[in-house]
Amino acid sequence: MSARQQRRVVVTGVGVVAPGGVGREPFWTQLQEGRTATRRLSNCPPEGFRSQVAAEVDLPADVVATRPDGAVLDRATVFAMVAAREAWDDAAPASHYAAERLGVCLGSAVGATTSLERVYRDMSHEGELWNVVADAPPELYDYFVPSSIAAEVAELVGADGPVSVISTGCTSGIDAVGQAADLIRSGVLDAVVSGATEAPISEITVACFDSIRATSTDNETPERASRPFDATRGGFVLGEGAAVFVLEELTHALDRGATVYAEVVGYGSRCNAHHMTGLRADGAELAEAVTAALDQAQVTAPEIDYVNAHGSGTKQNDLHETAALLRSLGERAREVPISSIKSMVGHSLGAIGSIEIAACLLVLRDGVVPPTANLTTPDPDLPLDYVPNTSRAVAARTVLTTGSGFGGFQSAMVLRTLEVAR
Amino acid sequence: MPVITLDDVKRALVEGAGVDAGVDLERGIATLTFEELGYDSLAVLETGLRLGRENGVEIDDEQLADIETPQDLADAVNQALAEAAVA
Amino acid sequence: MIREPAAITGIGIVSPIGNDREAHWIAQQKGVHGIAAVERFDASSYASTLAGEVRDLDPAPALGGRLMSSTDWMTQMSLVAAAEAVADSGIAERHEPGRCGVFTASTAGGYEFGQRELQNLWSRGPKYVSAYQSYAWFYAVNTGQISIRHGFKGHSGVVVADAAGALDALASSAAHLHHGNAAMVSGAVDGTLCPWGWVAHVAGGGTTSASDPETAYLPFDPRASGAVVGEGGAHLVLERAADATGRAYALLVGHASGFVRSSQDPTTVLRRVVEAALADADVRPDRIDLVLADGAGTVAADADEAAVLRSVFGPRRVPVTVPKAAVGRLQAGGAALDVAVAALALRDGLTPPTVHSQVDPAHGIDLVTEPRAGSLNSVLVVARGRGGFVSAVVLTSPHHHPEGA
């Protein structure tokens, strides 16, 4: 052991904006009840698209979507701010942290795409002009460079430390929290508001996933459209949302008497160097990421009580992820409960990794594992316990979450109920 | 009657997915698989999208998953055209 | 924070004044500039009409037709620069690719590709959207494509922090050298010179409306009227200093970053970040031989930066240069290019000039406007992004042994 005291990172605040439930507790109730929030696409007109299903957020009417200077905030920024406020109020650090010891690190895969598209339509006269006309709203720049999302949250919580967006496709939500934990461990910061947000549901995103036939076309039965690990699965359902956390260095959190959800004990990430969208069936790189996370956590596979799977609902992912869990967890993979909440809240790209971390924290808090909804036809090629349809009481102390993303990113994180040596 | 020929597939491949140096499409288009020609599944999708647009049809998902060669792709588009004509 | 020095062992550059490392470096020393009227599209009707465009670069022979079809121009430039950096470092021969990672910075992704697909969608319909749009536009594209091209599977990432992000990417890369990776490709190559990117730059403010390339982007000059937007940048290969003896251009020894909220005085945060980077590097201000300043090119931002440099180093106590005056502001690529230039300056003992500017004496800084020769041991690089992002790094010569360290 190093003579230097190892700094530890705990989560003390959780905020969630998810399809079917805005707020941490409504989100968690929905997951435990196994209710799906996938529905007919309504954020943009569904006609003309192959996939007309989505998991959409219904924001309360009183949510403010403009800045005091009148700038219209992107939907992803609004989600981030709503979730950040809930997390901040939950952790209630008040003025414990000097602004320079507080940072913001948020994940997002596609930033302010929805607003970029809205402004583009207007300025290009619905795609008529290549040389788009010159009079743009000043906030166009904020949509253009999505570090603006983290900047708004930094303004909200009063952070002067490092502020950034981590954008690693669909693992952004794990990687941002991993990066934030590293900033605390290394001593750069004492607290970080971290998590991820995404509001990708607009025509260009729906169309681009149509083009590669990645999304579900179960347009007649939207509530059953997301079927990870089911033999009849037919692609993912595009989602949106955010989850934001307050991460603190352990001794600071204990000193101020904070309530701790869990400790961030391990994080690992790898690239598959294979394909921008494709996954190799052997799951080798995701397995390596899981192993790296376990190693950092000093946790062995038998100690893992629950796996929150990437479980996007594509056949390729189901096989890849199952192989990766078998490879990294060995026999434990066949016993441990594994579930995908994407069956209920869809796949919100960069945000989902953090929404899944939120689920893990609540699993640890309440000892209940959410199910994989819509799992009615087992796939003979998938031999693990995917917790079909009904939540389960599991006295979980150590949990693993995994993610895979475009660009080849494979990430994993281990969270554990806090134990403090006396 | 087949409407789409290998020449059409070749043209759509060049336009949509590009050709790497050292790949002889002239010779390979009729004999090699997409994989052997160096094309991944997205290149096949992009090429299929182009041919589908040009001909006003869409290849269904199951058929698309089975496409291995440029001829398979031409056949799939032709079949979609035939089905569209019947319907 | 840089826990252990990281060695810069490979540099690849694509810029408006040179499409490889040495071409850029020679042009930079000669005071060549690459600012001219935009040629990529007709910018004559916009408020800003000048840019630093990368010229005469044909990535097709190196990348091949398939990659050219599935990538934006900025990814093509990035792949060219990354290949140069990787070849320069020789890491492919020394390290398992599974233990090499890629951590880059981005600002707006493959924006021209995105504009084309938005146009296809809205003028022709959803079936006209490219199968490649799903990743060619997003911010992670360069890291993903570099990883695939070189087979690098180690811990990788992408950071967005406006123009300051590349310095944060370098710091994260250095951290990953101590979490199992043997080498990292870092830095940033960026570019959004298309009409849809241009309106965003103009909307953001801070771009000059000047039409004379020689007096358009004038950091620290009383005539400063805003910035010129450019494209390009640099990729850098980092290895552990202990593994790179005799092969390093420079060592990355210090980093800090911070955020300026809208209610704050920017100099407070900027000063704290500069001092924190120096403290992290364990280098005293009087040991810094050169500062590569951010040089925003607006009177107010330049005054803030000059005030911080004066207060940290003393009036006119340290030479300051803004090499990007020759190429424009390259978004995330700008700070990466500055680090590459700083490393080359340390290698050769040459300080490149700030072209075109005549320093405002009120700033109280020693702005280098002609090339200067003289050995350098420690260099500070400062980067500021729109919206409050501030980062700084300290580089030292690999041959330098700080006294009392």
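How each quantity is defined
- Residues numbered from 1 in each chain as written.
- Chains lettered and ligands numbered in written order.
- Predicted model: local features only at pLDDT ≥ 70, side-chain atom pairs only at ≥ 80, totals over all residues.
- Heavy atoms only, no water.
- Helix = DSSP H or I, 4+ residues; strand = E, 2+ residues; numbered from the N terminus.
- Rg over C-alpha atoms; globule rule 2.2 N^0.38 Å.
- Buried < 20%, exposed > 50% of the residue type's maximum accessible area, 1.4 Å probe, protein only.
- Contact = heavy atoms within 4.5 Å.
- Patch = residues over 30% accessible without salt bridge, like charges linked within 9 Å, V, L, I, M, F, W, Y side chains within 5 Å.
- Areas by Shrake-Rupley, 256 points an atom, 1.4 Å probe, with all protein chains shown as cover.
- Salt bridge = Lys/Arg side-chain N within 4 Å of Asp/Glu carboxyl O.
- Lys, Arg positive; Asp, Glu negative; His and termini not counted.
- Charge placed at Lys NZ, Arg CZ, Asp CG, Glu CD.
- Pairing = 2+ DSSP bridges.
- Buried area = accessible area lost by both parts, 1.4 Å probe.
- Polar contact = N/O pair within 3.5 Å; in protein donor to acceptor, adjacent residues only side chain to side chain.
- Nonpolar A, V, L, I, M, F, W, Y, C, P; charged D, E, K, R; others polar.
- Domains from an automatic or database assignment.
- Core = buried A, V, L, I, M, F, W, Y, C linked by side-chain atoms within 4.5 Å.
- 1 Å grid on protein atoms, 1.4 Å probe; cavity = no way out; pocket = protein on both sides within 12 Å on 5 of 7 lines; lining within 4 Å.
- Points joined across faces, edges and corners; volume = space filled by probe spheres on them.

**Some remarks on the overall build of chain C**
Thought 1: Secondary structure assignment for chain C yields 13 helices and 16 strands.
Thought 2: Here the C-alpha radius of gyration of chain C, 20 Å, is about what a compact globule of 405 residues would show, namely 22 Å.
Thought 3: Along the longest, intermediate and shortest principal axes, the C-alpha atoms of chain C span 65 × 50 × 40 Å.
Thought 4: The buried share of chain C, reckoned over its 405 residues, is 67%.
Thought 5: In chain C, 80% of the contacts between residues at least 6 apart in sequence involve partners at least 24 apart.

**Description of a negative patch on the surface**
Residues and elements named next belong to chain B.
Thought 1: There is a patch of like negative charges on the surface, built from Glu-35, Glu-36, Asp-60, Glu-62, Asp-66, Glu-68 and Glu-83.
Thought 2: Only helix H3 (34–37) and helix H5 (61–66) provide two or more residues apiece to the negative patch.
Thought 3: Here Glu-83 lies in helix H6 (residues 70–86).

**A short note on the side chain of Asp-175 of chain A**
Thought 1: Structurally, the position occupied by Asp-175 of chain A is in helix H6 (residues 172–185).
Thought 2: In this view, Asp-175 of chain A contacts Ile-166, Thr-168, Tyr-267, Ser-269 and Ser-411 of chain A; residues no more than four positions away in its chain are not counted.

**Section: the sheet that holds strand S2 (residues 35–37) of chain C**
All names here are of chain C.
Thought 1: Here we have three strands laid out as an open sheet, ordered S2-S3-S7, and mixed in their pairing. Here the strands that pair on one side only, and so sit at the sheet edges, are S2 and strand S7 (229–230).
Thought 2: In the sheet, strand S3 (residues 50–52) pairs with S7 via two bridges, with the strands oriented parallel. Paired with Gly-52 across the two strands is Gly-230, which belongs to S7.

**What to know about the interface of chain A and chain C**
Thought 1: Between chain A and chain C, the contact holds 75 residues from the first and 73 residues from the second.
Thought 2: Three residues stand out in chain A for area buried against chain C, namely Trp-130, Phe-144 and Met-276 of chain A, and they jointly supply 14% of the buried area on that side.
Thought 3: Viewed at the interface, chain C and chain A are joined by three salt bridges.
Thought 4: Where chain A packs against chain C, one counts 21 residue pairs in polar contact (both at pLDDT 80 or more).
Thought 5: Per-class residue counts for the side of chain A that touches chain C are 40 nonpolar, 22 polar and 13 charged.
Thought 6: As judged from the two bridges shared by strand S6 (residues 163–166) of chain A and strand S5 (residues 157–160) of chain C, these two strands associate in the antiparallel manner. Looking at S5 of chain C, one finds that Ile-166 of chain A is bridged to Val-159 of chain C.

**Examining the domain arrangement of chain C**
By a widespread convention, an interface's size corresponds to the accessible area lost as its parts come together.
Residue and element names in this part refer to chain C.
Thought 1: For chain C, the assigned domains are domain 1 (6–243) and domain 2 (252–396).
Thought 2: Every contact between the two is made by 64 residues of domain 1 and, on the other side, 62 residues of domain 2.
Thought 3: It is Trp-25, Leu-167 and Phe-220 in domain 1 that bury the most area against domain 2; as a group they hold 21% of the surface buried on that side.
Thought 4: Linking domain 1 to domain 2 there are one salt bridge.
Thought 5: With its nearest N and O atoms 3.0 Å apart, the salt bridge here joins Glu-22 to Arg-347.
Thought 6: Linking domain 1 to domain 2 there are 21 residue pairs in polar contact (both at pLDDT 80 or more).
Thought 7: Those elements giving two or more residues to the side of domain 1 that touches domain 2 turn out to be strand S1 (6–14), helix H1 (21–30), helix H9 (165–176), strand S6 (183–190), helix H10 (195–204), S7 and strand S8 (232–240).
Thought 8: The residue makeup of the side of domain 1 that touches domain 2, split by class, is 33 nonpolar, 22 polar and nine charged.

**Observations regarding the environment of Ala-174 of chain C**
Residues and elements named next belong to chain C.
Thought 1: By secondary structure assignment, the location of Ala-174 is in helix H9.
Thought 2: Separated by 155 residues in the primary sequence, Ala-174 and Arg-329 have C-alpha atoms spaced 25 Å apart.
Thought 3: Ignoring anything within four residues of it in the chain, the contact list for Ala-174 reads Ile-2, Ala-6, Leu-238 and Leu-252.

**Thoughts on the environment of Pro-60 of chain A**
Residues and elements named next belong to chain A.
Thought 1: Inspection of the secondary structure assignment puts Pro-60 in the loop between strand S4 (53–55) and helix H2 (75–91).
Thought 2: Classification of Pro-60 as partly exposed rests on a relative accessible area of 36%.
Thought 3: Along the backbone, Pro-60 and Met-123 are 63 residues apart, and their C-alpha atoms lie at a distance of 30 Å.

**Considering the interface of chain C and chain B**
Thought 1: Facing twelve residues of chain C, the contacting portion of chain B comprises 14 residues.
Thought 2: When the area that chain C buries against chain B is broken down by residue, the three leading residues are Arg-66, Lys-127 and Tyr-132 of chain C, summing to 52%.
Thought 3: Remark: the boundary between chain C and chain B carries two salt bridges.
Thought 4: Here Lys-127 of chain C ties to Glu-58 of chain B by a salt bridge, and the two come within 3.7 Å at their closest N and O atoms.

**Here's the deal with helix H7 (residues 203–211) of chain A**
Thought 1: Most of H7 of chain A is tucked away: nine of the nine residues are buried.
Thought 2: Inspection of H7 of chain A places Glu-203, Ile-204, Thr-205, Val-206, Ala-207, Cys-208, Phe-209, Asp-210 and Ser-211 of chain A among the buried residues, and these make up the whole buried set.
Thought 3: Lining the buried residues of H7 of chain A we find helix H3 (113–123) of chain A, helix H4 (41–55) of chain B together with helix H6 (111–124) and helix H7 (133–136) of chain C.
Thought 4: Once H7 of chain A ends, the next one or two residues include Arg-213 of chain A, with phi positive near 55°.

**Some thoughts on the nonpolar core**
Thought 1: Ranked by internal contacts, the top residues of the largest apolar core, which has 239 residues, are Phe-27, Val-104, Leu-140 and Phe-245 of chain A together with Trp-196 of chain C.
Thought 2: Per-element accounting of this core gives the leading share, twelve residues, to helix H13 (residues 332–348) of chain C.
Thought 3: Formed by 41 residues, the second largest nonpolar core is a distinct cluster that contains Tyr-217, Val-320, Ile-365 and Leu-367 of chain C.

**Details of the pattern of salt bridges**
Thought 1: Within this structure, the stated rule accounts for 65 salt bridges over all chains.
Thought 2: The partner of Arg-223 of chain C in a salt bridge is Asp-221 of chain C, with the nearest N and O atoms 2.7 Å apart.
Thought 3: A relative accessible area of 39% places Arg-223 of chain C in the partly exposed class.
Thought 4: Judged by relative accessible area, which is 2%, Asp-221 of chain C ranks as buried.
Thought 5: Salt bridges sharing common partners tie together Arg-24, Glu-25, Glu-86, Asp-90, Arg-365 and Asp-366 of chain A.

**Notes on empty space enclosed by the protein**
Thought 1: Using the criterion set out here, one finds seven cavities of 30 Å³ or more in the structure.
Thought 2: Of the volumes computed, that of the largest cavity is approximately 200 Å³.
Thought 3: Around the largest cavity sit 16 residues that line it, and Val-110 and Cys-208 of chain A together with Gln-133, Ser-134 and Phe-138 of chain C are the ones nearest its centre.
Thought 4: Counting residues per element, the ones that place at least two in the lining of the largest cavity are H7 of chain A together with H7 of chain C.
Thought 5: Per element, the largest residue contribution to the lining of the largest cavity is four residues, and it comes from H7 of chain A.
Thought 6: Put simply, the second largest cavity is a space of about 70 Å³.
Thought 7: Around the second largest cavity, the lining residues are Arg-67, Val-72, Leu-73, Asp-74, Thr-77, Ala-112, Glu-139, Asp-142, Tyr-143, Ser-148, Ile-149 and Glu-152 of chain A.
Thought 8: With three residues, helix H5 (residues 147–157) of chain A is the single largest residue contributor to the lining of the second largest cavity.
Thought 9: A class-by-class count of the residues in the lining of the second largest cavity yields five nonpolar, two polar and five charged.

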